Amino acid sequence: MGSFSVWHWLIVLVIVLIFFGRGKIPDLMGDVAKGIKSFKKGMADDDAPTDNSKTVDGRTVDHKAEETKTR
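Not measured: the values here are computed from a predicted model.

What counts as what
Residues numbered from 1 in each chain as written. Predicted model: local features only at pLDDT ≥ 70, side-chain atom pairs only at ≥ 80, totals over all residues. Heavy atoms only, no water. Helix = DSSP H or I, 4+ residues; strand = E, 2+ residues; numbered from the N terminus. Buried < 20%, exposed > 50% of the residue type's maximum accessible area, 1.4 Å probe, protein only. Areas by Shrake-Rupley, 256 points an atom, 1.4 Å probe, with all protein chains shown as cover. Contact = heavy atoms within 4.5 Å. Patch = residues over 30% accessible without salt bridge, like charges linked within 9 Å, V, L, I, M, F, W, Y side chains within 5 Å. Salt bridge = Lys/Arg side-chain N within 4 Å of Asp/Glu carboxyl O.

Colleague: Run through the overall build of the protein, naming residues and quoting values.
Modeller: Tallying secondary structure elements over the protein gives one helix and zero strands in all. A total of 71 residues make up the protein; the buried ones form 0% of that total. Accessible surface for the protein amounts to roughly 7600 Å². Of this, 63% is attributable to carbon and sulfur atoms.

Colleague: Could you give an account of the environment of I25, naming the residues involved and the relevant values?
Modeller: Within the secondary structure layout, I25 lies in helix 1 (residues 6–47). Not counting residues within four places of it along the chain, the set of residues in contact with I25 comprises V16, L17 and F20.

Colleague: An account of the environment of L17 is needed here, citing residue identities and associated values.
Modeller: Here L17 is to be found in helix 1. Overall, L17 belongs to the partly exposed group, its relative accessible area being 37%. Contact partners of L17, with chain neighbours within four places excluded, come to R22 and I25.

Colleague: Account for a nonpolar patch on the surface, naming residues and giving values.
Modeller: Together, F4, W9, I11, V12, V14, I15, V16, I18, F19 and F20 line one region of the surface with nonpolar side chains, adding up to about 1100 Å² of accessible area. You can see I15 is positioned in helix 1. With a relative accessible area of 40%, I15 lands in the partly exposed category.

Now the structure itself:
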């Protein structure tokens, strides 16, 4: 039950290559890389300052439990 030997990992590698083929794995990794890049770009767009014409009103509403009415 301990760690896997080199032969176990070679067998797993052969099975993965049989299921996905040689060309599918690089395509899959490329798609993952594109997803990561678009995620980073989206996060950078959120951090970018927006124009001042669309400012958000910073008012809040204070709620106190004793001020609510019960029916």
